[in-house]
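Here's the letter readout for the chains.
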Amino acid sequence: MGNLPALRLGGQRGAAAPLILAPLEGITTSCYRRVLQRRCGGFDGAIAPFIGTIRRARRYDYHLRDILPERAASGLPLIPQVLGADPEGIRFVARACAELGYTQLNWNIGCPIPNIVRKRRGSGILPHPGMVERVLDEIRAPGFPAFSVKLRTGLEESTESLELQSLFNSAGIDFLVLHPRTGRQMYTGSADRNSYAAFLSGTRHPLVWSGDIVSRAQFTELSALFPETAGWLLGRGVLMRPFLAREIRERRDIPFGPGEALEFLAELAGEYLGCGSDRLWLLSKMKQHFAYLRKGCDDRDGAELLWRRMRTFRRWEQFAELAA
Ligand SMILES: Cc1cc2nc3c(=O)[nH]c(=O)nc-3n(C[C@H](O)[C@H](O)[C@H](O)COP(=O)(O)O)c2cc1C
């Protein structure tokens with residue numbers, strides 16, 4: 001127990017702070033993390049997509065299986081994530097993760113999916129400080145993994161997170177990740193730098209930025225703007241451009257065209273097939289990935305042509321032939 005590598009934050013700040021792969025449910029799976037790390041590198045750690053506290057839910061076992069150490073081993077420190085609002089459920093998931101050897105757990109209180117928000121989970125809990133407090137009381141129990149929180153600025157209003165700040169500041173929290181949008185915003189508009197600045201100035205814990213980093217130039221701008229930031233989560237930008245973390249670290253552009261995108265996909269497909277994935281399911285997964293990758297390619301026109309072709313595929317063999 002407790003033998004897996006941990007991701008420590010707070011040592012380096014600004015441009016030198018750790019680069020962390022964001023959790024993207026159904027996308028940044030163990031297969032994806034392995035390929036990303038092996039082929040592209042540049043990351044210091046990853047947060048896994050959420051495990052819900054509802055144990056009878058269809059995806060509970062799947063999510064837990066995906067963080068089994070032998071499956072999750074990518075060479076990157078990995079932090080499991082829990083989604084829920086009931087202290088007991090969170091304790092249960094924390095224990096399951098600790099038994100697998102994890103020493104850290106991240107709490108998702110940013111998810112904006114209406115079904116989840118309605119149950120006051122994800123960003124639905126943000127307007128309810130009492131509920132947040134009950135969970136923060138739970139983490140004081142001896143043996144609880146180091147607890148970090150990933151949140152949005154609020155559900156309806158960006159001031160909701162500021163109202164929670166005194167609770168966070170008095171709790172034994174590892175670090176916080178702020179995606180500066182409200183839940184209601186979903187993914188519209190752009191990350192709200194003013195709200196991030198306001199939260200950063202009042203927090204006593206290391207704070208990590210999450211949102212809209214899709215290029216090296218953007219990273220440079222944000223890290224100059226927020227030199228106190230203790231880490232950077234890269235999400236959709238990496239789906240578009242898998243070398244983004246390495247480009248940031250090495251301070252150079254790495255050529256990435258439709259050919260490189262296909263090579264990446266072929267390796268990813270191989271990884272999924274090795275885990276026994278169904279081929280028709282995998283075809284739609286490859287399309288989902290290419291829908292992102294085409295936006296990050298240097299040759300956008302070439303990628304668009306390829307995309308139009310790939311979208312028409314109905315059989316796995318069509319993709320396999322293209323990627324061969
Ligand atoms: C398809 C998708 C799935 C996501 N799944 C999760 C998740 O499981 N847990 C979580 O905390 N955030 C999740 N997020 C939010 C991301 O981790 C990240 O905070 C957000 O996308 C903003 O960062 P980005 O602009 O770099 O992608 C998800 C986002 C997307 C688009």
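Whatever comes next refers back to the structure up there.
Along each chain, residue indices are assigned from 1 in the same order as the chain's sequence is written. pLDDT decides what is reported in this predicted model: residues at 70 or higher carry local features, side-chain atom pairs at 80 or more are listed and counted, and totals for whole chains, interfaces and linings draw on all residues regardless. To obtain the side-chain values, all non-hydrogen atoms of the structure were used and water was disregarded.

So, the overall build of the protein chain
For clarity, the cut-off: Working definition: helices are DSSP H or I runs of at least four residues, strands are E runs of at least two. Numbering for both runs from the N terminus. It is over C-alpha atoms that the radius of gyration is taken, and the globule rule equals 2.2 Å times the number of residues to the power 0.38. The classification of residues rests on relative accessible area computed with a 1.4 Å probe and restricted to protein chains. Under 20% of the type maximum is buried, over 50% is exposed, and intermediate values are partly exposed. The contact criterion used is simple: two residues touch if any of their non-hydrogen atoms lie within 4.5 Å.
Scanning the protein chain from N- to C-terminus turns up 15 helices and eight strands. Taken against the 2.2 N^0.38 rule, which gives 20 Å for 324 residues, the C-alpha radius of gyration of the protein chain at 19 Å falls within 12% of a compact globule. By its C-alpha atoms, the protein chain is 55 × 45 × 35 Å across when sized along the principal axes. Looking at the 324 residues of the protein chain, the share that counts as buried comes to 56%. Within the protein chain, contacts between residues separated by at least 24 positions form 74% of all contacts whose residues are at least 6 apart in sequence.

What to know about the packing of helix α4 (residues 87-100) against helix α6 (residues 129-138)
The angle between the axes and the distance between the axes are what describe a pair of packed helices. So the rule is basically this: Working convention: axes come from line fits to C-alpha atoms, limited for helices to the stretch in contact. Angles between N-to-C directions cover 0 to 180 degrees. Crossing chirality is assigned from the near helix's rotation relative to the far helix, an anticlockwise turn below a right angle marking it left-handed and a clockwise turn marking it right-handed. As a working rule, the residues Ala, Val, Leu, Ile, Met, Phe, Trp, Tyr, Cys and Pro are called nonpolar, Asp, Glu, Lys and Arg charged, and the rest polar, with Gly in that last group.
Running from N to C, α4 and α6 point in directions that differ by 35°, and their axes come no closer than 9 Å. Relative to α6, the crossing made by α4 is right-handed. Together, Pro87, Ile90 and Arg91 of α4 and Arg134, Val135 and Glu138 of α6 make up the contact between the two elements. Taken together, the residues of the contact of α4 with α6 sort by class into three nonpolar, no polar and three charged.

Points about the nonpolar core
Operational definition: Here the nonpolar core consists of buried residues drawn from Ala, Val, Leu, Ile, Met, Phe, Trp, Tyr and Cys, with membership extended through side-chain atoms lying within 4.5 Å.
Counting residues in each nonpolar core, the largest one holds 90 residues, and the members touching the most others are Trp107, Leu136, Phe147, Phe168 and Phe319. The element best represented in this core is helix α12 (residues 258-274), accounting for seven residues. Residues within four places of Phe319 in sequence aside, it is in contact with Leu262, Leu265, Ala269, Leu283, Met286, Met310 and Phe313.

Points about the site of the ligand
Stated formally: Here, proximity means that at least one heavy atom of the residue falls within 4 Å of the molecule or strand. Polar contacts, as used here, are pairs of N or O atoms within 3.5 Å; protein pairs need one atom able to donate a hydrogen and one able to accept it. Residues neighboring in sequence count only if both atoms are side-chain atoms. Methods summary: accessible areas were calculated by the Shrake-Rupley approach with a probe of 1.4 Å, and residue burial reflects only the protein chains presented. A cavity here means a set of points on a 1 Å grid, drawn over the protein atoms and nothing else, where a 1.4 Å probe fits but cannot get out; a pocket is an open set with protein on both sides within 12 Å along at least five of seven lines, and a residue lines either one if it has an atom within 4 Å of a point. Throughout, a molecule is located in a cavity or pocket provided that more than half of its atoms lie within 2 Å of its grid points.
Pro23, Gln81, Ser210, Asp212 and Arg236 are the nearest of the 17 residues found near the ligand. One nitrogen or oxygen atom from the side chain of Gln81 is found 2.8 Å from a nitrogen atom belonging to the ligand. In the model, a nitrogen atom of the ligand is placed 3.2 Å from a nitrogen or oxygen of the Asn108 side chain. Taken by itself the ligand offers 610 Å² of open surface, and the protein chains cover 88% of this. Under a 2 Å grid-point criterion requiring more than half of the atoms, the pocket assigned to the ligand is the largest pocket. Grouping the constituent residues of the shell around the ligand by class yields seven nonpolar, six polar and four charged.

Focus: helix α2 (residues 58-65)
What counts here: Working definition: the arc comes from the directions between the helix axis and the C-beta atoms, pointing outward to the latter.
Turning to α2, its buried residues number three or more, namely Tyr60, His63 and Leu64. Projection of α2 onto a plane perpendicular to its axis shows the buried side chains occupying an angular sector of 95°, all on one side. Considering only its buried residues, α2 is in contact with β2 (45-52) and α4.

Some details on the sheet that holds strand β5 (residues 146-154)
Neighbouring strands of a sheet are bound in pairs by backbone hydrogen bonds; such pairs are parallel or else antiparallel. So the rule is basically this: Here, any two strands with at least 2 DSSP bridges between them count as paired.
Ordered in space as β1-β2-β3-β4-β5-β6-β7-β8, the eight strands form a closed barrel in which the pairing is parallel. Here the strands of the sheet are splayed against their neighbours by 30° on average, with no regard to which way each runs. Where strand β1 (residues 19-21) lies against β2, two bridges are found, and the strand directions are parallel. Looking across to β2, one finds that Ile20 is bridged to Gly45.

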